[in-house]
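In case you want the letters, here they are:
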Amino acid sequence: MSAAESQATPQLTIDALMAELIALGQISEAEPPVVTRVVFGEADLRARAYVRGLCEAAGLTVRHDAIGNTFARWEGSDPSLPPVATGSHIDAIPNAGLYDGCVGVLGGLEAIRVLKKLGFKLRRPIELVIFTAEEPTRFGIGCLGSRMMAGVLSPHQARALRDKGGRGLEEWRAQAGFTGALESVAAAKGHFHQFVELHIEQGPTLEAEGLDVGLVTAIAAPASQRIVIEGEGGHAGGKLMPGRKDALAAAAELILALESAAKSTGAIDTVGTVGVCEVFPGAVNSIPSRVTITTDVRDIDAALRDGVLAALAAAGNEVSARRGVTIATELINADPPTVCDPAILAALEASAIAAGKTYKRMVARAYHDSSFVSGIAPTAMLFIPCRGGVSHRPDEYASPEWIGSGVHVLARTLALLAA
Ligand SMILES: [Zn+2]
């Protein structure tokens, strides 16, 4: 495409894209503008139907797999080649906004429509992917669809997933109309030629620095643990301080040990959080006998992240011996951080320059479907600003200009990759 054409085109269609984003946001379990779309719920199914209709109207061939991952394909001149893919998710946590995930899906569709309108000739197919359940709301595990595609979550593990009420994934999936063997979801390495995901930053830096887009070089991955500390309960008045085995006091030491370990790696990208602390029996006049905490440690460097986990384990041994409490640690997950593909990053950079957009290379600190797709295909992400870095809230916002810049750079990138 010529520079003149491609600079004009995204502006021409941005109104339609914004209208589609707003229409998608209206499909919600909550009163709009609050977006709640939990996977396989009624709103999720309506949203899927809406997006599917848009894809078909754009002339794409739509199919889905057994877990509901949806693929909208624009055939290339050589259909035997693995497709270049783009996409994201449309499920939303309770009380969310319009843009998380949806910008990558509808923006990806818009990029495809722009290229089609320009009469762009593909060699490789381009597929728009809508992944099932990026958010962990229903089954407690994030990136369900991409995780299964990458073979990180086995069909056996998936079949064991339950919602809070004890209803299983299989029942939910069947009711949503997704049948077929879960064994067929996993894709081989090279399933996609390349994958690039457009997404809002969910952090404040691009807006603060006045940049149009961010080229994501690495995606941090969390390691999560559940730690149960068992001490000895008793009357808060009757039991004197010497010889106490207060489980909460021990937990407090672990929480501070985690904070200290995360701060001391020397890397700005190391973060450690305890977000859950359940105290038993939880009475004002009762010494805590059992405490459960969860830890979330993230880095783009797996060795640094695992070093924090090791420091926490060492602190646990020391606290356990000194206080006479038992500490049981269960690893919930520890996915590898993602290093983004240099060839896709080069295409993104060339596209940003050609589109006249300002950019920087940056790290993604939140989890994305790309984290898992990177296991089966070279992957990178393209970030756009979001106001105040706010996400997962109804006041999440990305301006039409920001979205237009992202779509413009994405369209050029897909053109380069699929040519
Ligand atoms: Zn997202």
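Worth saying up front: this structure is predicted, and the values here are computed from it rather than measured. (Residues numbered from 1 in each chain as written. Predicted model: local features only at pLDDT ≥ 70, side-chain atom pairs only at ≥ 80, totals over all residues. Heavy atoms only, no water.)

**Q** Hey, could you go over the overall build of the chain for me, with residue numbers and the actual values?
**A** Secondary structure assignment for the chain yields twelve helices and 17 strands. Expected size for 419 residues packed as a compact globule is a radius of gyration near 22 Å; at 23 Å, the chain falls within 12% of this value. Burial analysis of the chain (419 residues in total) assigns 54% to the buried set. Counting contacts in the chain only where the partners sit at least 6 residues apart, residues at least 24 apart contribute 78% of the total. Total accessible area computed for the chain in this model is approximately 16600 Å², and 57% of it derives from carbon and sulfur atoms. Averaged over its 37 positive side-chain charges, the chain has a centre that lies 2 Å from the centre of its 46 negative ones. (Helix = DSSP H or I, 4+ residues; strand = E, 2+ residues; numbered from the N terminus. Rg over C-alpha atoms; globule rule 2.2 N^0.38 Å. Buried < 20%, exposed > 50% of the residue type's maximum accessible area, 1.4 Å probe, protein only. Contact = heavy atoms within 4.5 Å. Areas by Shrake-Rupley, 256 points an atom, 1.4 Å probe, with all protein chains shown as cover. Lys, Arg positive; Asp, Glu negative; His and termini not counted. Charge placed at Lys NZ, Arg CZ, Asp CG, Glu CD.)

**Q** Mind laying out the nonpolar core, listing which residues take part and the relevant values?
**A** Counting 72 residues, the largest nonpolar core has Tyr99, Leu348 and Ile403 as the members making the most contacts within it. For this core, the element with the most residues is helix H12 (residues 400-418), which contributes ten residues. Excluding residues that lie within four positions of it along the chain, Leu348 makes contacts with Val196, Leu215, Ala380, Met381, Leu382, Val409 and Thr413. Among the nonpolar cores identified, the runner-up in size contains 33 residues, and Leu153, Ala176, Phe372 and Ile376 belong to it. (Core = buried A, V, L, I, M, F, W, Y, C linked by side-chain atoms within 4.5 Å.)

**Q** Help me get a handle on the packing of aromatic side chains, residues and values and all.
**A** If you walk through the whole model with that rule in mind, you get five aromatic pairs. On the basis of an interplanar angle of 40° and a centroid distance of 5.9 Å, the ring pair of Phe40 and Phe178 is categorised as tilted. Separated by 138 residues along the polypeptide, Phe40 in the loop between strand E1 (35-37) and helix H2 (42-57) and Phe178 in the loop between helix H6 (169-175) and strand E7 (194-200) bring together distant segments of the chain. We classify Phe40 as buried; its relative accessible area is 1%. The exposure class assigned to Phe178 is buried, which follows from its relative accessible area of 8%. A ring pair is formed by Phe192 and Phe195, whose centres lie 6.1 Å apart and whose planes are at 25°; its orientation type is stacked. When its relative accessible area of 0% is taken as the criterion, Phe192 is described as buried. Given a relative accessible area of 0%, Phe195 falls into the buried group. Through pairs of rings, three or more aromatic residues link up here, namely Phe131, Phe192 and Phe195. Note that Arg63 overlies the ring of Phe71, its terminal NZ or CZ placed 4.3 Å from the centroid. (Phe/Tyr/Trp six-rings, centres within 6.5 Å; stacked < 30°, edge-to-face > 60°. Lys NZ or Arg CZ within 6 Å of the ring centre and 35° of its normal.)

**Q** For the packing of helix H3 (residues 102-117) against H12, give the residues involved together with the corresponding values.
**A** H12 packs onto H3 with a crossing angle of 55° between their chain directions and a minimal axis gap of 8 Å. In terms of orientation, H3 and H12 fall into the oblique class. Along this stretch, H3 crosses H12, giving a crossing that reads as right-handed. Of H12, the residues touching H3 (which contributes Val103, Gly107, Gly108, Glu110, Ala111 and Leu115) are Ile403, Val407, Leu410, Ala411, Leu414 and Ala415. Its residues assigned to classes, the contact of H3 with H12 comprises nine nonpolar, two polar and one charged. (Axes fitted to C-alpha atoms, helices over the stretch in contact; angles between N-to-C directions. Parallel < 35°, antiparallel > 145°, perpendicular 65-115°, else oblique. Left-handed = near helix turned anticlockwise from the far one by under 90°. Nonpolar A, V, L, I, M, F, W, Y, C, P; charged D, E, K, R; others polar.)

**Q** Lay out the sheet that holds strand E14 (residues 326-334) in plain terms, naming residues and giving numbers.
**A** Pairing is antiparallel in the open sheet, where four strands are placed in the order E11-E13-E9-E14. Looking along the sheet, the strands with just one partner apiece sit at the ends: strand E11 (271-280) and E14. For this sheet, the mean inter-axis angle between neighbouring strands, taken without regard to orientation, is 15°. Where E11 and strand E13 (residues 290-299) come together, nine bridges link them in antiparallel fashion. Its bridge partner lying in E13, Thr273 is registered against Asp296. Along the sheet, helix H8 (residues 247-263) contacts strand E9 (221-230), E11, E13 and E14; its crossing angle with E13, the most-contacted strand, is approximately 5°. (Pairing = 2+ DSSP bridges.)

**Q** Talk me through H3; I want residue IDs and the actual numbers.
**A** Owing to its 3.6 residues per turn, the α-helix brings residues three or four apart onto one side. Taking 1.5 Å as the rise per residue, H3 with 16 residues should run 22 Å; its terminal C-alpha atoms sit 22 Å apart, in good agreement. The element H3 is largely enclosed, with a buried count of 14 among its 16 residues. The positive-phi residue at the C-terminal boundary of H3 is Gly119, with phi of around 75°. (Expected span 1.5 Å × (residues − 1).)

**Q** Talk me through the coordination of the zinc ion; I want residue IDs and the actual numbers.
**A** Protein coordination at the zinc ion: the donors are His89 (NE2), Asp100 (OD) and His199 (NE2), at 2.0 to 2.2 Å from the metal. Counting along the primary sequence, the residues that act as donors to the zinc ion give the motif H-x10-D-x98-H. In this pair, Asp100 sits in the loop between strand E5 (92-96) and H3 while His199 sits in strand E7, placing the two residues 99 residues apart along the sequence. With respect to burial, Asp100 and His199 carry one shared label: buried. (Donors = N, O, S within 2.8 Å, 3.2 Å for Na, K, Ca; no water.)

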